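So you can see what is in the structure, the chains are spelled out below.
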Amino acid sequence: MSKHSINENKQALYAIALNFLSINAILQVYQSLVPLILQRNFQISELLIGIITGGTNFIVCLMLLLLNKMKPTLAALTLSSVLLSITLVITPFSVNSDNIGLFVLLFCSGMMALSLTKVLSNDFTLQVAPAGKENGAMALTKIMSTLGGLAALIVMFLMRDISSFYAMVLLNTLTLGGLMYTSKSINKNREAKEKAKQEKAHTGTIGTKVTILVIILLSYTVYDAMLSTFSRYATNVWKMENNDFAIYQSICLVAAFIAYIPIGKSANERNQKKLTLFGLIAMATGLLAMSFFTTFHYITIIFFAIIGVGWAAIAVNIVPILVYGAAPKEVSRLVGYYSVMSNISLILAPTVSGIVLEYLSYHMLYYTLVGLLILAALLLLFAKTDTKKEIA
């Protein structure tokens, strides 16, 4: 590959990665402001807020399943991004006009457009990344996603009102412009890789793909449940006050952010299964260790970091394992199924944690999450993932 081609490939990959910054920033704004607006502006109960957000995630899952056979194109990605910007622009108007029906409709439409944009961006990432470098490409998208979440938090802190939606429109427009600027490079690299993969594609067994999807569902459910319940765990079990839990929870996110780079560089088709197993075991170890503490101790910071590193290992490697050896058309379908599993985890996480906390205890919650991680590790251990080492 010539130096010019390499530079084109890097530009295309960076443009797609920047799109994840916008995607996660908008998702953070939705997750932070929508429940607050429903409660503060429309006086909606916690139960109805849960029904609205959970119902929206359910609708998104159905949409992704229905559109899973759609051929991913830059035109489709552009259309979904434009529709997303339109919903973001109108959302503040629905709040100011006290129109809850329009607000919920815009939230649901925005989440559908956002999820479709994310699915298409994931597909383009895997298709544009150089052969054997998919893990590094996934690491780059995770880094950008983390930065996007941080950018959204800063924007919401500075603006402190619904004008944050307008800031997200600007960010989305800028990243879309980057995609359009590199569109020729993206299509060129994608077509070249599709041709190469078509010649040596080997679809693994359906059972293996289903097993990996179950592992994705289990690991994402555990991570989402841990993040969404730690504030209550820290307050009720460790007796933390003044939202101090946020400082320690951020250690997990920072550790994952730092770990993305070395894990992404070291991961490849030969060791991605081992790295994912390491991630599952690391998360289980950190959660189990934390459950033994009845009060906060500074040593728990180490376990937060271990959980973060474990999550980074899973997030970087699990999707490349899922799509390894698949033909281009199958890659698109598998990425769609991956997105469905990650969205279902957003529904399962509060459901599982709510049942355990309501009928058992806070300590039993972490034991339950550890059990799910062990189950995921066992499934991966015995799954025939068709890596190069195993084929040889």
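Residues numbered from 1 in each chain as written. Predicted model: local features only at pLDDT ≥ 70, side-chain atom pairs only at ≥ 80, totals over all residues. Heavy atoms only, no water.

> Can you break down the overall build of the chain residue by residue, with the values?
The helix and strand inventory of the chain stands at 14 helices and 0 strands. In sequence order, the secondary structure elements of the chain are arranged as α-α-α-α-α-α-α-α-α-α-α-α-α-α. Evaluated residue by residue, the chain yields a buried proportion of 53% over its 392 residues. When the accessible area of the chain is evaluated, it comes to approximately 18,000 Å², of which 68% is carbon and sulfur surface. (Helix = DSSP H or I, 4+ residues; strand = E, 2+ residues; numbered from the N terminus. Buried < 20%, exposed > 50% of the residue type's maximum accessible area, 1.4 Å probe, protein only. Areas by Shrake-Rupley, 256 points an atom, 1.4 Å probe, with all protein chains shown as cover.)

> So what's going on with the packing of aromatic side chains? Residues and values would help.
One pass over the full model with this rule turns up 6 aromatic pairs. Summarising the aromatic geometry, the rings of F42 and F103 are spaced 5.5 Å apart at their centres and angled 40 degrees between planes, so their arrangement reads as tilted. One end of the pair, F42, is in the loop between α1 (3–40) and α2 (46–66); the other, F103, is in helix α4 (residues 100–128), with 61 residues separating them in the sequence. Classification of F42 by relative accessible area gives buried; the value is 10%. (Phe/Tyr/Trp six-rings, centres within 6.5 Å; stacked < 30°, edge-to-face > 60°.)

> Let's hear about unusual backbone geometry: which residues, and what values?
Of all residues except glycine, most have a negative phi; of all peptide bonds, most are trans. Even without being glycine, Q43 reaches a positive phi, approximately 55 degrees. The topology assignment puts Q43 in the loop between α1 and α2. Since its relative accessible area comes to 61%, Q43 is described here as exposed. A positive phi is found at D98, a non-glycine position, where the angle reads about 55 degrees. Within the secondary structure, D98 is located in the loop between α3 (74–96) and α4.

> Now, about the packing of α3 against helix α6 (residues 164–181): what can you tell me, with residues and values included?
As a packed pair, α3 and α6 sit with axes 9 Å apart at the nearest point and diverge in direction by 165 degrees. The orientation of α3 with respect to α6, classified from their angle, is roughly antiparallel. Relative to α6, α3 is oriented so that their crossing is left-handed. Note on element contacts: α6 touches α3 through F165, Y166, M168, V169, N172, T173, L176, L179 and M180, opposite L77, T78, S81, V82, L84, S85, L88, V89, T91 and P92. (Axes fitted to C-alpha atoms, helices over the stretch in contact; angles between N-to-C directions. Parallel < 35°, antiparallel > 145°, perpendicular 65-115°, else oblique. Left-handed = near helix turned anticlockwise from the far one by under 90°. Contact = heavy atoms within 4.5 Å.)

> I'd like a rundown of the nonpolar core, residues and numbers included.
In this structure, Y30, I216, Y260, L287 and Y366 are the most contacted members of the largest nonpolar core, which totals 121 residues. Broken down by element, this core gets its largest block of residues, 17 residues, from α1. If we ignore the near neighbours within four places in the chain, the residues touching L287 are V222, M226, I307, Y366, L369, V370 and L373. (Core = buried A, V, L, I, M, F, W, Y, C linked by side-chain atoms within 4.5 Å.)

> Residues and numbers for the packing of α4 against helix α5 (residues 134–159), please.
Packed helices, taken two at a time, are described by the angle their axes make and the gap between the axes. As a packed pair, α4 and α5 sit with axes 9 Å apart at the nearest point and diverge in direction by 145 degrees. Two packed elements cross with a definite hand, and for α4 against α5 that hand is right-handed. Residues N122, T125 and L126 of α4 form the contact with α5, whose own contacting residues are E134, A137, M138 and T141. For the contact of α4 with α5, a count of residues per class yields 3 nonpolar, 3 polar and 1 charged. (Nonpolar A, V, L, I, M, F, W, Y, C, P; charged D, E, K, R; others polar.)

> Before we move on, could you go through a nonpolar patch on the surface and cite the residues and values that matter?
Among the surface-exposed residues, L79, V82, L83, I86, V89, I90, F93 and Y166 lie close enough to one another that they form a single nonpolar patch of about 710 Å² accessible area. Ranked by residue count, the leading element in the nonpolar patch is α3, at 7 residues. Mapped onto the elements of the fold, F93 is located in helix α3. (Patch = residues over 30% accessible without salt bridge, like charges linked within 9 Å, V, L, I, M, F, W, Y side chains within 5 Å. Salt bridge = Lys/Arg side-chain N within 4 Å of Asp/Glu carboxyl O.)

> For the side chain of N122, give the residues involved together with the corresponding values.
For N122, the location among the structural elements is in helix α4. For N122, a relative accessible area of 4% corresponds to the buried category. If sequence neighbours within four positions are ignored, N122 has contacts with F20, M138, V335 and Y338.

> Tell me about the environment of L153, and please be specific about residues and values.
Along the polypeptide, L153 turns up in helix α5. Spatially, the C-alpha atoms of L153 and V29 are 7.8 Å apart, while their sequence positions differ by 124 residues.

> Account for the side chain of S121, with residues named and values stated.
One can find S121 in helix α4. Here S121 is in contact with I16, N19, F20, I23 and L77, once residues within four sequence places are set aside.

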